[in-house]
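# Structural characterization, general
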Amino acid sequence: MSLTKNLPLVFATALAGLSLLPAVTSQTLEWTLIGTAVALVSWYCLLVIRRSLLTVSIVLRPQHYVQACAQGTVLLYWGWYWREVYDSVHLLLAQLLFAYAFDMLLSWSRRHSYSLGFSPVPVILSINLFLWFKPDWFYLQFLLIALGFAAKELLRWQKNGRQVHIFNPSSFPLGLFSLGLIITGTTDLTWGPEIANTLNYAPQIYLIIFLVSLPGQFLFGVTTMTMSAVVTMYGFGLLYFALAGTYYFYDAYIPIAVFLGMHLLFTDPSTAPRSELGRLIFGAMYALSVIVLYGVLETLGLPRFYDKLLAVPVMNLLIQGIDRLVQTKPMRQIDPAVLLNKAGKKSRNLAYIGLWTMIFLLMSTVQGVGDTHRGHWVMFWKDACADDRPNGCRHFGVMVSTYCNRGSGWACNEYGILLQPERRPQLATSAFDRACELGF
């Protein structure tokens, strides 16, 4: 009993100990780790003074460790190509220690019992696949995590006769903090844009995400959400390309960060509709929300990577309404669970996975997703610019600027031409000088 009661103290002490690591080079980060640990210890002491008892039971739920394995695999693979992930492993550990201590102390404060398992792990890994604060601002990362666990514990409703949490504990804080960062114009405090862009560094990343998500899709019946989200966005992308001759999302029908969100962000079965038709609708809603938010953010000149993060909390509020909607007579006539009621749930899950696999393979074959997509080709955007297609010159400028920064003399020369020397002589001259220096 004493060991379990002291677990929050153990986690907090380990958190403070991380401040001694050589990787902690920022004094602000050092004091953040120590200060957060002191706050957790103080909370622990208050509970001990009250002489309240804590009962800890070991509960290992598949939805937690299966999801964590998928997320961890993506992080490890991506980190091989963007080393900042590996260089930040001590910060990931700090978040896990904080999450366990905070979650345990919050449960202890409210009901004197705690289910010890892997539940904090997928929350932390999910958050870190989309947003981190830089070391000097890392206390905000702890606040983000605390908000997620507090919302899970405190914001609850009746669902099918049970009291359950309303919001996805990773999506809720990501959505609110994204809104706050947009309003305050402080995106530069985070690695958010770099995370969204560097996922493309890893070859065959679409395939990796597809494969690691399959076990969870089979076990928890979330294939319908992912599949309908991908199909909806891909269908929109095809229509947009047919009308405009360019891609709505700049370099892809479905950006890799959005594809990741469709597999490992909004698909928490606890905060999604229960019905199969409801989950199909839920997935399509996610895709449409990302499309709309991307357009709004782009029009307002705001960072576009927030598109996949903002809508999920609002969608979580709609799930009971969606489930009521699909129970109406007209909707039940098209509900797969009703039409295929002779097949068991596992059989239907396998059928959905089979259909989703065929869709993914077809999309990969026609370059709808994957490393060979034309949106990654500089010459595609050069032609789009020459033809004056929508956003063609702007996206061509982004590409040649990127490749110029990576050391391409040809790209620097093209960037200089695109800048129009007669209008922006200093910037254009700088680009031409860089081209001459690199050779082209």
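Bear in mind the structure is a predicted one, so any value in this text is a computation, not a measurement.

Looking now at the pairing of strand 3 (residues 156–159). Side chains Trp 157 and Lys 159 of strand 3 all project onto a buried face; the interleaved residues Arg 156 and Gln 158 project onto a face where none is buried. In terms of strand pairing, strand 3 meets strand 4 (residues 162–165) through four bridges, oriented antiparallel. Bridge assignment links Lys 159 to a residue of strand 4, and that residue is Arg 162. In textbook terms, the turn of a hairpin is the stretch between consecutive antiparallel strands, and for strand 3 and strand 4 this stretch comprises two residues, one of which, Asn 160, has a positive phi near 55°.

What follows is about helix 14 (residues 276–299). A rise of 1.5 Å per residue sets the reference length of helix 14, with its 24 residues, at 34 Å; its end C-alpha atoms lie 35 Å apart and thus fit the reference within 8%. For helix 14, the capping residue at the N-terminal end is Ser 275, with a side-chain oxygen 3.1 Å from the backbone nitrogen of Gly 278.

With that settled, consider helix 8 (residues 139–154). Taking 1.5 Å per residue, 16 residues should reach 22 Å; helix 8 reaches 22 Å between its end C-alpha atoms and fits that length. For helix 8, the set of buried residues is Leu 140, Gln 141, Phe 142, Leu 144, Ile 145, Ala 146, Gly 148, Phe 149, Ala 150, Ala 151 and Glu 153. Contacts made by the buried residues of helix 8 are with helix 2 (7–17), helix 3 (27–49), helix 6 (89–111), helix 7 (120–128), strand 3 and helix 9 (171–184).

Moving on: the environment of Asp 323. Relative to the helices and strands, Asp 323 resides in helix 16 (residues 319–326). In the structure, Asp 323 is positioned 46 residues away from Leu 277 in sequence and 8.4 Å away in space, judged by C-alpha atoms. Every residue in contact with Asp 323, bar those within four places of it in the chain, is listed here: Pro 273, Arg 274 and Ser 275.

With respect to the helices and strands, Thr 271 occurs in the loop between helix 13 (256–264) and helix 14. Using a relative accessible area of 0% as the deciding quantity, one classes Thr 271 as buried. Excluding its chain neighbours within four sequence positions, the residues that come into contact with Thr 271 are His 165, Ile 166, Phe 167, Asn 168, Phe 282, Asn 316 and Ile 319.

Here the focus is the confidence of the model for the chain. Residues of the chain with pLDDT of at least 70 account for 89%, and the chain-wide mean is 88. Per-element averaging of pLDDT across the chain places helix 1 (residues 2–5) at the bottom with 62 and helix 9 at the top with 97.

Scoring rules and cut-offs
- Residues numbered from 1 in each chain as written.
- Predicted model: local features only at pLDDT ≥ 70, side-chain atom pairs only at ≥ 80, totals over all residues.
- Heavy atoms only, no water.
- Buried < 20%, exposed > 50% of the residue type's maximum accessible area, 1.4 Å probe, protein only.
- Helix = DSSP H or I, 4+ residues; strand = E, 2+ residues; numbered from the N terminus.
- Pairing = 2+ DSSP bridges.
- Expected span 1.5 Å × (residues − 1).
- Polar contact = N/O pair within 3.5 Å; in protein donor to acceptor, adjacent residues only side chain to side chain.
- Contact = heavy atoms within 4.5 Å.
- pLDDT = per-residue confidence, 0-100.

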